[in-house]
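Tertiary structure, described
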Amino acid sequence: MASLKGKDILHGNQFSKKDIDGILKVAAGFEKELKAKGALNLLKGKILATLFFEPSTRTRLSFETAMQRLGGGVISMASAESSSAAKGETLADTAKTVAQYADAIVIRHPRLGSAKEAADAVPIPVLNAGDGAGQHPTQALLDIYTIYRERGSLKDLQISLVGDLKNGRTVHALVEILSLYGARMYFVSPGLLQMPEEITSGLRSKGIEIVETEDLAYAASQTDLLYLTRIQKERFSDLAEYERVKGSYVVDAKFLAALKKDIILLHPLPRVDEIHPEVDAYPGAAYFRQVRNGVFIRMAILAMIFGKR
Ligand code: NCD
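The sections below set out a description of the structure shown in this document. (Residues numbered from 1 in each chain as written. Predicted model: local features only at pLDDT ≥ 70, side-chain atom pairs only at ≥ 80, totals over all residues. Heavy atoms only, no water.)

For the coordinates displayed, the defined rule picks out 18 salt bridges. Ionic pairing is found between Arg309 and Glu33, a salt bridge with its closest N-O pair at 3.4 Å. Here the residue Arg309 occupies a position in the segment after helix 11 (287–305), and Glu33 occupies one in helix 1 (residues 17–37), the gap between them amounting to 276 residues. The exposure class of Glu33 is partly exposed, given its relative accessible area of 21%. Residues joined by salt bridges that share partners form a network here, namely Glu33, Lys37 and Arg309. (Salt bridge = Lys/Arg side-chain N within 4 Å of Asp/Glu carboxyl O. Helix = DSSP H or I, 4+ residues; strand = E, 2+ residues; numbered from the N terminus. Buried < 20%, exposed > 50% of the residue type's maximum accessible area, 1.4 Å probe, protein only.)

What follows is the structure, encoded as structure tokens:
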């Protein structure tokens, strides 16, 4: 496995299968260790800065949890309005400033390519927690960890990715990682929200089998994993268009009853109406376990970029 020490985490395509297997192993180790000890001292004295220019609940809090469980400290900028970005400071200048305080930066920003811009401006590791409709690689890592934990293996994966595949950065990152395992993928979306052509053709050129369809029931009947996503309202310039596609796919108890018995349901959250809360009690509803797994995966990433694993 290539070492992640000192590395930026910017894109789902930056990892080899060996890298992923290594990260999953470290995450599983932390999951066990945390259960036994509650907290660790591995990153004592290190400081992580979280810079979020867009809303977040899970990503920011799980990075902060992960850093603190490892004994490190966190400084945080929770909104664009509360920082000097509101006074017109460039992202590069903000990043250079934060690099005077912290040992690594987690950034979420509405602009495509923003994490790379920040990474290019500073010598410390930058972790992309979402750059517009671009990438969200640490989410993809926690997704693949969840799939591994739920299924017990990453062999013979058949997965339906559902919803806003055009704007959803979690799926953009996840398909890169799934492709390393030769997963067969069903892309389920309204015509307007299809997976970008360059991503689909890139996957096909690697020999990945992809079926594009608008029919969720059909795709679900062919796969053992359903990864649902929210229609990304904030990426629409025309809200009338959003109104036309919102609520396209809803999994409720009735729909669930018609699905394969052991199907596993994933969602990066937040959900709007894609999964009815009545589905939460279904044993295969893995999305809150997925949230929890985010801590173990982010502990692994942090320990590794600081060269402690
Ligand atoms: C996602 C995001 O921000 O891209 N949230 C997350 O990190 N779990 C998904 C979304 O906002 O729909």
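This brings us to the sheet that holds strand 3 (residues 104–109). As summarised here, the arrangement of the four strands in space is 2-1-3-4, forming an open sheet in which the pairing is parallel. On the outer flanks of this sheet lie strand 2 (73–77) and strand 4 (126–131), each paired with one strand and no other. In this sheet, adjacent strand axes meet at a mean angle of 15 degrees when their direction is disregarded. In terms of strand pairing, strand 3 meets strand 4 through four bridges, oriented parallel. Looking at the pairing, His109 lines up with Asp131 of strand 4. (Pairing = 2+ DSSP bridges. Axes fitted to C-alpha atoms, helices over the stretch in contact; angles between N-to-C directions.)

Another point: the packing of helix 1 against helix 11. In the contact formed by helix 1 and helix 11, the axes pass within 8 Å of each other and the chain directions differ by 115 degrees. Compared by their axis directions, helix 1 and helix 11 come out roughly perpendicular. Note on packing geometry: the crossing formed by helix 1 with helix 11 is right-handed. Residues Gly22, Ile23, Leu24, Val26, Ala27, Phe30, Glu31 and Leu34 of helix 1 form the contact with helix 11, whose own contacting residues are Asn293, Phe296, Ile297, Met299, Ala300, Ala303 and Met304. (Parallel < 35°, antiparallel > 145°, perpendicular 65-115°, else oblique. Left-handed = near helix turned anticlockwise from the far one by under 90°. Contact = heavy atoms within 4.5 Å.)

Another point: the site of the ligand. Near the ligand you find Thr59, Arg108, His136, Gln139, Arg169, Thr170, Arg230, Gln232, Pro268, Leu269 and Pro270, and these make up its full shell. A distance of 2.9 Å separates an oxygen atom of the ligand from a polar atom in the side chain of Thr59. One nitrogen or oxygen atom from the side chain of His136 is found 2.8 Å from an oxygen atom belonging to the ligand. Surface burial for the ligand is 93%, taken as the share of its 320 Å² of free accessible area covered by protein chains. Each residue belonging to the shell around the ligand can be placed in one class, and the counts come to three nonpolar, five polar and three charged. (Near = heavy atom within 4 Å. Polar contact = N/O pair within 3.5 Å; in protein donor to acceptor, adjacent residues only side chain to side chain. Areas by Shrake-Rupley, 256 points an atom, 1.4 Å probe, with all protein chains shown as cover. Nonpolar A, V, L, I, M, F, W, Y, C, P; charged D, E, K, R; others polar.)

Where helix 2 (residues 58–69) contacts helix 11, the axes come no closer than 8 Å and their chain directions differ by 55 degrees. Comparing their axes, helix 11 and helix 2 come out oblique. The crossing of helix 2 and helix 11 is right-handed. Residues Arg58, Thr59, Ser62, Phe63, Thr65, Ala66, Met67 and Arg69 of helix 2 form the contact with helix 11, whose participating residues are Val291, Gly294, Val295, Arg298, Met299 and Leu302.

Here the residue pair Leu269 and Pro270 is connected by a cis peptide bond, since its omega of 5 degrees sits within 30 degrees of zero. Here Pro270 is to be found in the loop between strand 9 (264–266) and helix 11. Notably, Asp156 is not glycine yet its phi reads approximately 50 degrees, a positive angle. Mapping Asp156 onto the fold places it in the loop between helix 5 (137–151) and strand 5 (158–162). Overall, Asp156 belongs to the exposed group, its relative accessible area being 65%. Despite not being glycine, Leu269 has its phi angle at roughly 65 degrees, a positive value. Positionally, Leu269 belongs in the loop between strand 9 and helix 11.

Counted by the stated rule, this structure contains three aromatic pairs. Between Phe236 and Tyr242 the ring centres are 5.6 Å apart and the planes differ by 75 degrees, which places this aromatic pair in the edge-to-face class. Each member of the pair, Phe236 as well as Tyr242, carries the same accessibility label: buried. (Phe/Tyr/Trp six-rings, centres within 6.5 Å; stacked < 30°, edge-to-face > 60°.)

This paragraph deals with the sheet that holds strand 9. To summarise the sheet geometry, strands pair through backbone hydrogen bonds and adopt either a parallel or an antiparallel arrangement. On the basis of which strands lie adjacent, the open sheet formed by five strands has the order 7-6-5-8-9 and parallel pairing. Strands at the two margins of the open sheet, each flanked by one partner only, are strand 7 (210–213) and strand 9. The average angle at which neighbouring strand axes cross in this sheet is 20 degrees, direction not considered. Bridging between strand 5 and strand 6 (residues 184–188) involves five bridges; their strand directions are parallel. Its bridge partner being in strand 6, Val162 is matched across the sheet by Val188. Helix-sheet contacts for helix 7 (residues 197–205) involve strand 6 and strand 7, and the interaxial angle to strand 7 is about 150 degrees.

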